[in-house]
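A structural walkthrough
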Amino acid sequence: MADEAGFTAATGPLRREILAHCYRMLGSSADAEDAVQETFLRAWRGFERFEGRASARTWLHQIATNVCLRLIEQRGRRALPSGLGGPEQDWALPARAAPARTRWLGPLPVDPADEAGTRQDVRLAFVAALQHLPASQRAVLLLRDVADLPADEVATVLGTTTIAVNSALRRARDRIARRAPDPRTMSEPGGAELRARLHRYVDAFQAADVGALAAVLREDVTLEMPPHATWFAGRDAVLGFLGTHVLREPGRFAMVEAPLRANGQPTYAMYVREPDGEFAAHALQILDVAGDGIRHIHIYLDPDLLPSFAAAGDSARPPGSAR
């Protein structure tokens, strides 16, 4: 019989790290939770045979990676709209829906108190870029560059050689560098500057003030709106679409900061005013903020996501919102 107290002491502190690893591999918080459950079940069943020849951390990463590789083979990769094709050039056109079977990369709820050490490496842009790597290269990159495991331990995890690991790592780094900046080099303004910029953005969005919105967006800003396949690149196109199709009147939307952040990024629950004057849950909006402005806007048009990012009760709901 496995020692429950010993198992909990050895593996419990690693659960959050393993969840983040599975999320990076799979691009879905629900799939990641499933993978973590299976990982810890397998670890529990094998704990008596675990002799400490490797660290518990390496051992759990080995189990989790193999679980994720199997799930990727079964379910395929996930994507954001920018992973399906090029940006829309005509912002006057209405957004078009993606094929029904599209598997979207989903957001990961992160408690701000738990962000240290994980926030940059779970940013949507980085996780989306990971999904373009072959599964084995994805695993190598994450185990070496994020989990910081030595090459020989990664070889053990994947059942291969150190030479093969180093070769796969070079290819993975080269491929991902063309799709996303190194998350370790990404930064956002801190403290008062960040809060001021976010307040200006939210105020402009709620007031449908396209001119004020332009002042806080980078020139190369992008807008993605799953489940729409349509996405936009560049401030003119983004503002053109929002001004024509979304921000048609002030007060139409209310944005409330979510207690849990998606991928460690500023996150807002969006509510839309109904004809009766009440607000109904509408979308989850996630921002990527750089030192010189907002560079990515992700609007997940799925109100069912909102409860996953709320605290207990209805504290994040705007006044007059419909339940």
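Shown above is the structure to which this text applies.
Counting from 1, residues in each chain are numbered in the order their sequence is written. Local features in this predicted model are restricted to residues whose pLDDT is 70 or higher, and side-chain atom pairs enter the listing and the counts only when it is 80 or higher, whereas totals over whole chains, interfaces and linings include all residues. Side-chain measures were taken over the full set of non-hydrogen atoms in the model, leaving aside hydrogen atoms and water.

Side note on helix α2 (residues 15–26)
Rules: Secondary structure elements follow DSSP: runs of H or I of four or more residues count as helices, runs of E of two or more count as strands, with numbering from the N terminus. Residue count minus one, scaled by 1.5 Å, sets the expected span of a helix. Exposure categories follow from relative accessible area, calculated using a 1.4 Å probe and restricted to protein chains: below 20% of the type maximum is buried, above 50% is exposed, and the middle band is partly exposed. Whether two residues are in contact is decided by their heavy atoms, any of which lying within 4.5 Å being enough.
A rise of 1.5 Å per residue sets the reference length of α2, with its 12 residues, at 16 Å; its end C-alpha atoms lie 16 Å apart and thus fit the reference within 8%. Across the 12 residues of α2, 9 count as buried, placing the element largely inside the fold. Along α2, the residues classified as buried are Ile18, Leu19, Ala20, His21, Cys22, Tyr23, Arg24, Met25 and Leu26. Residues of α2 that are buried sit in contact with α3 (29–46), α4 (56–75), α5 (124–130) and α6 (135–146). With its phi angle positive at about 75°, Gly27 sits one or two positions after the end of α2.

Points about the pairing of strand β2 (residues 217–224)
Note the following rule: Two strands qualify as a pair provided that DSSP identifies no fewer than 2 bridges between them.
Of all 8 residues in β2, 6 are buried; the element is thus mostly enclosed. Strand direction decides the pairing type here: β2 and strand β8 (residues 293–300), joined by 4 bridges, are parallel. Bridging across to β8, Thr222 finds its partner in His296. Here β2 pairs with strand β3 (residues 231–233) via 3 bridges, running antiparallel. From the neighbouring strand, Thr222 faces β3, where its bridge partner is Ala233. Two successive antiparallel strands, β2 and β3, enclose a turn made up of 6 residues.

Focus on the pattern of salt bridges
Where we set the bar: We count a salt bridge whenever a side-chain nitrogen from Lys or Arg sits within 4 Å of a carboxyl oxygen from Asp or Glu.
Tallied over the entire structure, the rule returns 16 salt bridges. In this structure, the salt-bridge partner of Glu17 is Arg57, at a minimum N-O distance of 2.7 Å. Residue Glu17 is located in helix α2, and its partner Arg57 is located in helix α4; the two are separated by 40 residues in the primary sequence. Residue classification places Glu17 among the partly exposed positions, given a relative accessible area of 28%. The partner of Arg78 in a salt bridge is Asp31, with the nearest N and O atoms 3.2 Å apart. Note that Arg78 is positioned in the loop between α4 and β1 (109–110) and Asp31 in helix α3, a separation of 47 residues in sequence. Here Arg78 matches Asp31 in class, with each residue buried. Residues joined by salt bridges that share partners form a network here, namely Asp31, Arg75, Arg78 and Arg103.

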